[in-house]
Every structure is written in C-alpha cells, then in structure tokens.
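This is what each chain is made of:
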Amino acid sequence: MWWMMGENGGHYCSKKSDDLCGSQESDRGFGISRLCCILRGVDLKSILFLLIIVPMCVLGVYIHGLKISYFLRPLWESPPKPFHEIPHYHHENASMESLCKLHGWGIREYPRRVYDAVLFSTEVELLTIRWKELYPYVTQFVLLESNSTFTGLPKPFVFASHRDEFKFIEPRLTYGSIGGRFKKGEKNPFYEEAYQRIALDQLLRVAGITDDDLLIMSDVDEIPSRHTINLLRWCDDTPQILHLRLKNYLYSFEFPVDDKSWRASVHRYQTGKTRYAHYRQSDVILADSGWHCSFCFRRISEFVFKMKAYSHYDRVRFAHYLNPRRVQRVICNGADLFDMIPEEYTFKDIIGKMGPIPHSYSAVHLPAFLLENAERYKFLLPGNCLRDEE
C-alpha cells in the first residue's frame, strides 16, 4: 500500500511525508492526509485533462455534433444511384416538332392538359411568380393549404386572405383547405406532411384530372420553366414519371448554390397509381428545367417562421439562430441559417461547398414576370439582400 498506519494511530504516505501528510490525530486529519496522498499519486497533466480538456470536448460535441455528423456523412452513407440525365434542348425560334425529335420523342396532334398542384404555406410572392410563369400552359391550378405547419404550429389560411391577388387564375383554380391535426406528443413533422399530401391527391380528383394528363409535383419554391412544361405537353412518348433538374438558389437569385435540385417531377397521370409525393420516383431527369429558390422571402419574420415551421426544424439548435439581426447578417453573407455543413456524399464536395455562397451578379434566364416587375420583387435580384423586418 502507498499509505500506511503510523505508530501512534496517525497516517502517512511515506517516511518522507511532510507535516501536512504526516501524523494526523483527528478524523479530519485522516481525510486531508488521504487526499494529499491521492493527489501525490496523480500526474498534474492528468488532472488538467480531466478538468479542462474533457469538459471542452463534451461542450464541443454538444454545440457542433450535428456538423460533425454531416461532415462524416461519406463514411456512413453512400451516394444515391445517379439519374439518367436527358439533355434539354430549347430555342424560342425552334419548332416544337424539332425540339421533340431532339429529345427522342414524337410530336402530338394536340397538347396534353396540365395540372399544377402545390401545398401552400406562406410564400405569396413566389407563388405569384410561379403561376405567372406557368399560366400560358396550365389547365388547372390546384392549391391546398392548412391552418397548421408540418411541425404542428398554428398558422392562418394565408392564401385565402390574399386570394384577391390571384384573380388572373381564378377561373382555373381549385382551392382546398384542411385543418391541422395538432396531435400532442407527435414529434415527426413528416407525418403531418404526408397527411396533407394525401389530401392533395383527393383535391386533384375534385379538380377533374384524368389519365395521361400532366401533373406537376413540386413545392411552391420549385418553379419549372414554362418552355419545359410546353415541351412536355406537346411531345409524345415522354417518360411516365420525369424528374426535373432545377438550378438551386438560396435567399434570392443572387446566391446560386448548384444545379442539383431534383425533387420536382412531372407525371403522366394514372388513376389509382399516381400519388402526390416529394421523393425520388424514377431514375430519369430532364436537365436545366427551372429554378429552386429556397428561403426566398421578403421579410425577416418569414425567415424566422420558416425556420421553426418546416420539416427540419430540429436544425434550430439554439435560440439565437432566430435573432433577426443574425438572420439579416447571414442572408447578406450568403451563409447558412442553421450553421450546417453542406449535405453532400463526398469529402471533396463537402469541402468545396464550405463557407458562404459566392455572390452572382447575373439575372439572365430568370422568370419573365420577375424581370418585368423588378422593382416589386427587387429583394429576389442581385444587390438587394436587405430584408423588411415585418
């Protein structure tokens, strides 16, 4: 033993113990002596490691655990199967017969009917740009909104209160509203999302969709270009389900991210088979088919609401993420609102996308209505990152 009983009942660590660690007659002296001896047997570096380094590591994992997980994603998740990419040909002076032939498709005697169906939350400006872009070629606009977000937060029926702004599509509009379930204890927002998408399937049948009509499945901020939809309604033998490759933008068209957006799709409707969904449903995708402008809002309050309301609300790990001044600063810097690592499948892609998004000063090949009303929608154009507070 490295500590022993003394001749008079005291305790000591060794024969060379000093007064502090020498004989102690009281119980208190016994405790001090033993503590002293224990500390003599522990290296100072070990004490510093336990008291400083370990707590710092625990704090670091707590704060940056999600970032670490995403950075290590290539180790635990393989990339999805690549799409079969169809080259996209377009020129305003080319005949539709020539364009269909370039894609390997035939030409129809008359165009298919087109249904554009969306779940709506609060994105009034983007909905306007979307419907103005698609208006010439859509037969019926179908919109469903709820008084609940996917995360169960109550919200007003925003479209209903702005319906007068959409008189231009009123004769072609099928509108539906649905009450949120507001189930206590349910923490998975994807249940609420699935519930609303099933309701949208029913609303499509009310709108009169039939076999071989084209159905656009995409979120409000995933906007197909009008020439893409015109191509698909005129061409024959197109894929039954065709995903659309969209250009990714964040906050506005000043911050182009990449061209990897793929969730938007166009279906040739089949009764009893086609279900409204927002995941991969085929292996075929048409290149350069439109725009995906994520978190493209006019007001800071809309950013904050979206951060709390959308399906990945768990990324708001700290309350200060919702601070309006921070949100404004992040927008103008082209940084990430959730302080996340890029969602990629290789270390090369992750490292290549780390940091703020470079600014772009090009407003070429954007939706026509946006450019025709540039002053009204200047917050979406390069050089206009400042947002209204309310």
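That block above? That's the structure.
These lines cover the structure that appears in this document, whether it is placed above or below.

Criteria and cut-off values
Residues numbered from 1 in each chain as written. Predicted model: local features only at pLDDT ≥ 70, side-chain atom pairs only at ≥ 80, totals over all residues. Heavy atoms only, no water. Core = buried A, V, L, I, M, F, W, Y, C linked by side-chain atoms within 4.5 Å. Buried < 20%, exposed > 50% of the residue type's maximum accessible area, 1.4 Å probe, protein only. Helix = DSSP H or I, 4+ residues; strand = E, 2+ residues; numbered from the N terminus. Contact = heavy atoms within 4.5 Å. Pairing = 2+ DSSP bridges. Axes fitted to C-alpha atoms, helices over the stretch in contact; angles between N-to-C directions.

## As for the nonpolar core
In this structure, Phe120, Leu127, Trp131, Phe159, Phe253, Leu370 and Leu380 are the most contacted members of the largest nonpolar core, which totals 47 residues. Considering each element in turn, this core owes the most residues, six residues, to helix α5 (residues 124-134). With residues near it in sequence (within four places) discarded, Leu370 still touches Ile129, Phe253, Tyr377, Leu380 and Leu381.

## Here we look at α5
Given 3.6 residues to a turn, an α-helix orients residues that are three or four positions apart in the same direction. In terms of burial, α5 is a largely internal element, 10 of the 11 residues being buried. Those residues of α5 that fall on the buried side of the exposure criterion are Val124, Glu125, Leu126, Leu127, Thr128, Ile129, Arg130, Trp131, Glu133 and Leu134.

## A word on the sheet that holds strand β9 (residues 222-224)
If you walk across this open sheet you meet the four strands as β9-β16-β12-β13, and the pairing is mixed. Whereas interior strands pair on both sides, the edge strands pair on one side only; in this sheet they are β9 and β13 (256-261). Strand-to-strand twist across the sheet, computed as the mean angle between neighbouring axes with direction ignored, equals 25°. Sheet analysis places β9 next to strand β16 (residues 290-294), joined by three bridges and oriented antiparallel. Looking at the pairing, Glu222 lines up with His292 of β16. α5 rests against β9 and β16 of the sheet, and its axis sits at about 15° to β9.

## A word on the sheet that holds strand β8 (residues 214-217)
Strand order in the open sheet formed by eight strands is β3-β15-β11-β14-β8-β5-β6-β7, and the pairing between neighbours is mixed. Every other strand in the sheet has two partners, leaving β3 (84-86) and β7 (173-178) as the edge strands with one partner each. Within the sheet, the average angular offset between the axes of one strand and its neighbour, ignoring direction, is 25°. For strand β5 (residues 114-120) and strand β6 (residues 140-146), the ladder comprises six bridges, and the chain directions are parallel. Counterpart to Tyr115 in the pairing with β6 is Gln140. Together, β5, β6, β7 and β8 form the strand contacts of α5, whose direction differs from that of β5 by roughly 175°. Set on the sheet, helix α7 (residues 189-207) makes contact with β5, β6, β7 and β8; between it and β6 the angle comes to about 145°.

## Points about the environment of Leu250
Checked against the element boundaries, Leu250 lands in strand β12 (residues 246-250). On the basis of relative accessibility, which here comes to 16%, the residue Leu250 falls in the buried class. For the pair Leu250 and Asp336, spaced 86 residues apart in sequence, the C-alpha separation works out to 9.2 Å. What Leu250 contacts, discounting residues up to four positions off in sequence, is Phe255, Val257, Ser294, Phe295, Ala335 and Ile357.

Nothing here speaks to function; it is all geometry.
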